[in-house]
Amino acid sequence: MKYTEEHEWLRVEDDVVVVGITEHAAEQLGDIVFVELPEVGTEVVKDDDVVVIESVKAASDILAPIDGEIVEVNDMLTDTPSTVNEDAIGKGWMFKIKTDDLSQLDEMMDEAAYKKFIG
């Protein structure tokens, strides 16, 4: 798994990359009450806004961590956004993205580096 400075995690599964926010980010946001997901088929470029999350504390945009096409979204989050709080790394994933350039992940942090980053 890889991590970004924006507190996203990325996991490669077959030929797609699964993306979500870290447990640290979910804790910082507090109780998540709304998640707006992108449309399947959307082409994104790194740092495009792709997801809106609202919690009892704040609203946040989740940025595309890599270039690619959104190929699946976690529709469960529309009805039960609190899943992100309960299982951020598992059932709380947000979207899957297909990219032509997996080398974009090479610049990201591994788990040890991310833990050091959040200190």
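Residues numbered from 1 in each chain as written. Predicted model: local features only at pLDDT ≥ 70, side-chain atom pairs only at ≥ 80, totals over all residues. Heavy atoms only, no water.

A. Highlighting the sheet that holds strand β7 (residues 59-63). The strand order across the open sheet built from 3 strands is β4-β6-β7, with neighbouring strands paired in antiparallel fashion. Two strands in the sheet have a free side with no partner beyond their single neighbour: β4 (32-36) and β7. Direction aside, neighbouring strands of the sheet carry axes that sit 25 degrees apart on average. As defined by bridge partners, strand β6 (residues 49-55) adjoins β7 across 5 bridges and the pair is classed as antiparallel. Residue pairing in the sheet places I53 in a bridge with S60 of β7. (Pairing = 2+ DSSP bridges. Helix = DSSP H or I, 4+ residues; strand = E, 2+ residues; numbered from the N terminus. Axes fitted to C-alpha atoms, helices over the stretch in contact; angles between N-to-C directions.)

B. Highlighting the pattern of salt bridges. Counted by the stated rule, this structure contains 5 salt bridges. The salt bridge involving K98 is made with D15; its shortest N-O contact spans 2.6 Å. One end of the pair, K98, is in strand β9 (residues 95-98); the other, D15, is in the loop between β2 (8-13) and β3 (16-21), and 83 residues separate them in sequence. Residue classification places K98 among the partly exposed residues on the basis of a relative accessible area of 35%. K115 is the partner of E111 in a salt bridge, and the nearest nitrogen-oxygen pair spans 3.4 Å. Here E111 and its partner K115 are both found in helix α4 (residues 111-118), 4 residues apart, which amounts to about one turn of the helix. (Salt bridge = Lys/Arg side-chain N within 4 Å of Asp/Glu carboxyl O. Buried < 20%, exposed > 50% of the residue type's maximum accessible area, 1.4 Å probe, protein only.)

C. Fine view of the pairing of strand β8 (residues 68-73). Of the strand pairs in this sheet, strand β5 (residues 43-44) and β8 are connected by 2 bridges, and their pairing is antiparallel. Along β8, the bridge assignment pairs V44 with G68. Of the strand pairs in this sheet, β8 and β9 are connected by 4 bridges, and their pairing is antiparallel. The partner of I70 across the bridge, within β9, is I97.

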